[in-house]
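# Structural description and commentary
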Amino acid sequence: MPGISEGLRTSLNEIRQTMISNNVLYASEIDEITPNTDIGALSVPLFDNQELMNSFMNVLVKRIIYTQLVNYKIYNNPLKFLEGDNMPLGAIGQEIFINPAKGRRFDVNDFAGLLAKYESDVKVQYMHLNSDIQYPKTITRDKLRTAFTSWSELENLINGITQSLYNGCYIDRYNFTKGLVAQAYRDNTVQIKVMQNPNTEALAKQFLTEARTLYLNFQEPTSDYNAWRKVGGYGKDVLTFTQPEDIVFLIRNDIGAYLDVNVLASAFNIDKASLLGRIKYVKDFSERDKDGNIVVDGSKILGIMCDKAWFRIKNQELTVDDFYNPNNKTTQVYLNDVNMYQYSLFANSVIFATEQPQVTITSMEFAKKQVSVKEGEKVQVSLSTMPAQANTPSISYSSIATGTATATKIDERTVEIQGVAEGNTTVKATAGNVTAEITVNVTAAD
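Attention now goes to helix α6 (residues 201–217). In this model α6 runs 24 Å from its N-terminal to its C-terminal C-alpha over 17 residues, within 8% of the 24 Å that 1.5 Å per residue would give. Considered for burial, the residues of α6 that qualify are Leu-203, Ala-204, Phe-207, Leu-208, Ala-211, Leu-214 and Tyr-215. All buried residues of α6 fall inside an arc of 135° around its axis, so they share one side.

Right, dumping it as C-alpha cells:
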C-alpha cells in the first residue's frame, strides 16, 4: 500500500504539534507521523473521540485547504494580474485623482503671485465592496471513514474539497473581471471605438492599425480616453496618460487567433508586447450567472485596450470557516471571498465594439432656465441628460413660435436659438417621451 506523501505528512505533523483540545495537546493523543506510519494510527483515536475529530477537521481545513499545502489542479485565472492590493477594513473606498499642475513663466517682479492661491484640481470616485460570495462544501462521516482507509484516500478527499472550493472561487473571479468590461460597455461609461469584425485580412490590418495608434496615443497626456467627462464628471477634464508597460489589451479568442495567423505573424517583425502592450485572450466578454445564462451581453465587444489601473479589483477577505453538525454528522466547509469589482473613470480605456450600446435618456435639462437674444442674433444653449452618457432616443429641438425665434440643432446636446421678432416663446427639446424647455425672450435690435 502506498505510503503518505511528504507534503501531507508535514502538514499533519504541524497540526499535531499546534492543536489543543480541552487543554490537552493533540500530540499526546496521536504519535508523530513517519513515512512508514499506518493511517490507522491516526484514524482510530480520531473516530473514537468526536471532539478530537471536530478539532482535527477544523485545523485540517484551515491549514491544508486554506494554505493549499497539498498538490491539486487549480484553475489559473489568466486575469489575476489585474487584481490590486487588498482592500482595508470597511466597505467604502475612494479613488482620488489630481490633475497636473499648470506651469507659469517665472517673473522676478511678480510679488502678487507670492500670495496667490493655486488650487489643486481634485476629483474623487467612490467605490465599495460589491461581491460577497460563499462557496460551501459538505463532508459526511461516511466520506471521512472512507478517506481514512489509506493515505491516498485521505489526500484525494483533501484534493477534491480544495479543488472544488478554489476552482469555484477563481473561475468566478475570472468571470467577474471580464464582466466589468461588459458592464462598462452596456452602461456606456467608457470610451468606445466602433469597428467591423476583423474577419478579413484588410479589416484585420485596419483593426491592428487602430489598436497600434491607440497604444501610442495612450502614452501622451490627453483627456480623450478616460470617461470622466462622458459620465458628467464635475470640473475640468481629466488629463491622463499610461506608461507602455501598464497598457493591457484583452481580445476575444477568435479575433486573436485570426490576427496571429493572418496578420501579426507576417506583417510585423516585432514582439507583440512592444506593438500593442500586454495581450491576453478571452473566449468572450459576456457576464454569466452560475447556470451559464448571460447576465450582461458582451457579444458586440471585440476587445479592450486600457491602463491596467482601469480595473479596480481589491480583495478584503478570503477565509475558510467550518462547523460540525451533530444532527446529521457532517462537517460544513465554507470558502468566503469578499471583493470589490469596479472600474476607474480616470484611467485610459477604449472598448472596440461592432456597435454603440443603447442607453436611454430618463430626463433632460437646459443649462439655463431662460435666455435673451436680440432680433437677428443667435445664441447657443447646451443641454444635459440623465444619465449623462445616455444616447437614445435622438434629441430634437423646436420652437413653439417660430415667428419669434427659431431653434436649430447643432448637435445632440446643443441648440442654436435665433431671434426673429420681439416677443417671448419657448424652445423645447424632445427625446421620445422625455422633454425639456427653455424660455426665450427676443428683444428689438439696436
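Here we come to unusual backbone geometry. Backbone torsion omega between Met-386 and Pro-387 reads -10°, so that peptide bond is classified as cis. Assignment of secondary structure puts Pro-387 in the loop between β17 (378–386) and β18 (396–399). In this structure, the amide linkage connecting Thr-392 to the following residue, Pro-393, adopts the cis form with an omega of -5°. Assignment of secondary structure puts Pro-393 in the loop between β17 and β18. A positive phi angle, near 60°, is found at Asn-188, a position not held by glycine. As for its position among the elements, Asn-188 is in the loop between α5 (151–187) and β6 (191–194). Of note, the phi angle at Lys-329 is positive, near 55°, even though the residue is not glycine.

Quick look at the side chain of Thr-240 now. Mapped onto the elements of the fold, Thr-240 is located in the loop between α6 and β7 (247–252). Note on Thr-240: relative accessible area 5%, which makes it buried. Within the local environment of Thr-240, its side chain forms a polar contact with the side chain of Asn-348, the two groups lying 2.8 Å apart.

Okay, the sheet that holds strand β21 (residues 423–431) next. Ordered by their spatial adjacency, four strands build an open sheet running β16-β22-β21-β18, and the pairing between neighbours is mixed. The open sheet is flanked by β16 (370–374) and β18, the only strands paired with a single partner. On average, each strand axis in the sheet is tilted by 25° relative to the strand beside it, whichever way the strands run. In terms of strand pairing, β16 meets strand β22 (residues 434–443) through five bridges, oriented parallel. Each bridged residue has a counterpart across the sheet, and for Gln-370 the counterpart in β22 is Thr-439.

Rules of the game
Residues numbered from 1 in each chain as written. Predicted model: local features only at pLDDT ≥ 70, side-chain atom pairs only at ≥ 80, totals over all residues. Heavy atoms only, no water. Helix = DSSP H or I, 4+ residues; strand = E, 2+ residues; numbered from the N terminus. Expected span 1.5 Å × (residues − 1). Buried < 20%, exposed > 50% of the residue type's maximum accessible area, 1.4 Å probe, protein only. Arc of directions from axis to C-beta. Polar contact = N/O pair within 3.5 Å; in protein donor to acceptor, adjacent residues only side chain to side chain. Pairing = 2+ DSSP bridges. Axes fitted to C-alpha atoms, helices over the stretch in contact; angles between N-to-C directions.

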